[in-house]
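# Coordinate inspection notes
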Amino acid sequence: TSIQPLESAVGGMALVLVAVASVDAWLTRARLTDVESRTWGRDVAEQMPEAARKLHIGRPDLLRTISDGGLVDLNSAPTRVLQTALSLPEADAKRLTHAREERGRFADLDELLGSVPLDKSAVDRLRDVAVFL
């Protein structure tokens with residue numbers, strides 16, 4: 001039918017626009033500070049969690065092409081990453097990993113802290129870099 005080629009052309013145009021917007025966003029991000037990168041990464045995580053997972057936001061252990069300013073996904077980062085990236089004691093990192101295995105994903109830091117008590121210095125670090133994908 002005549003509608004299908006039109007839909008294909010429109011879909012192709014949308015793909016081109018997304019690609020151009022992505023390159024523009026990348027060039028802009030190349031000049032961001034860590035704080036700005038974390039803000040950007042959190043926005044992507046909240047508004048487009050699937051895209052954030054594909055970009056490996058919050059996963060310093062995986063190959064990434066963009067900087068997220070040092071965010072750590074507390075729902076998927078391995079224990080060793082929780083330890084090193086967050087400077088958590090091994091026991092705390094293991095408790096956090098065990099708690100998420102037991103109950104599933106956490107929605108936010110308050111929910112996590114209800115299950116995993118951590119000292120104030122650890123909580124302060126988490127507030128700065130935690131994301132929940």
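In short, a report on the structure. A quick note: this is a predicted structure, and the numbers were derived from the prediction, not measured. (Residues numbered from 1 in each chain as written. Predicted model: local features only at pLDDT ≥ 70, side-chain atom pairs only at ≥ 80, totals over all residues. Heavy atoms only, no water.)

### Structural notes on the nonpolar core
Soluble globular proteins: nonpolar side chains tend toward being buried together. Ranked by internal contacts, the top residues of the largest apolar core, which has 20 residues, are Val72, Leu74, Leu82, Leu86 and Leu112. Those elements that provide at least two residues to this core are helix 4 (79–86), helix 5 (90–103), helix 6 (109–115) and helix 7 (120–129). Here this core gets four residues from one element, more than from any other, and that element is helix 7. Those residues in contact with Leu82 that lie beyond four places of it in its chain are Val72, Leu74, Ala77, Ser87, Leu88, Ala93, Leu96, Thr97 and Arg100. Membership of the second largest hydrophobic core comes to seven residues, among which are Ala52, Ile57, Leu71 and Val131. (Core = buried A, V, L, I, M, F, W, Y, C linked by side-chain atoms within 4.5 Å. Buried < 20%, exposed > 50% of the residue type's maximum accessible area, 1.4 Å probe, protein only. Helix = DSSP H or I, 4+ residues; strand = E, 2+ residues; numbered from the N terminus. Contact = heavy atoms within 4.5 Å.)

### Comments concerning helix 7
Among the residues of helix 7, those classed as buried are Ala122, Val123, Leu126 and Val129. Viewed end-on, helix 7 has its buried residues packed into an arc of 140°, placing them on one side of the element. The secondary structure elements touched by the buried residues of helix 7 are helix 2 (34–47), strand 1 (72–73), helix 4, helix 6 and strand 2 (130–131). (Arc of directions from axis to C-beta.)

### Considerations on the side chain of Arg59
Structurally, Arg59 can be placed in the loop between helix 3 (49–54) and strand 1. Leave out the neighbours within four places in its chain, and Arg59 touches Arg64, Asp68, Leu71, Asp73, Ser76, Ala77 and Pro78.

### A few points about the packing of helix 4 against helix 5
Put simply, helix 4 and helix 5 touch, their axes get as near as 8 Å, and they point 135° apart. Regarding the angle of helix 4 to helix 5, the classification is oblique. The way helix 4 lies across helix 5 gives a crossing that is right-handed. Residues Thr79, Leu82 and Gln83 of helix 4 form the contact with helix 5, whose own contacting residues are Glu90, Ala93, Lys94, Leu96, Thr97 and Arg100. For the contact of helix 4 with helix 5, the per-class residue count stands at three nonpolar, three polar and three charged. (Axes fitted to C-alpha atoms, helices over the stretch in contact; angles between N-to-C directions. Parallel < 35°, antiparallel > 145°, perpendicular 65-115°, else oblique. Left-handed = near helix turned anticlockwise from the far one by under 90°. Nonpolar A, V, L, I, M, F, W, Y, C, P; charged D, E, K, R; others polar.)

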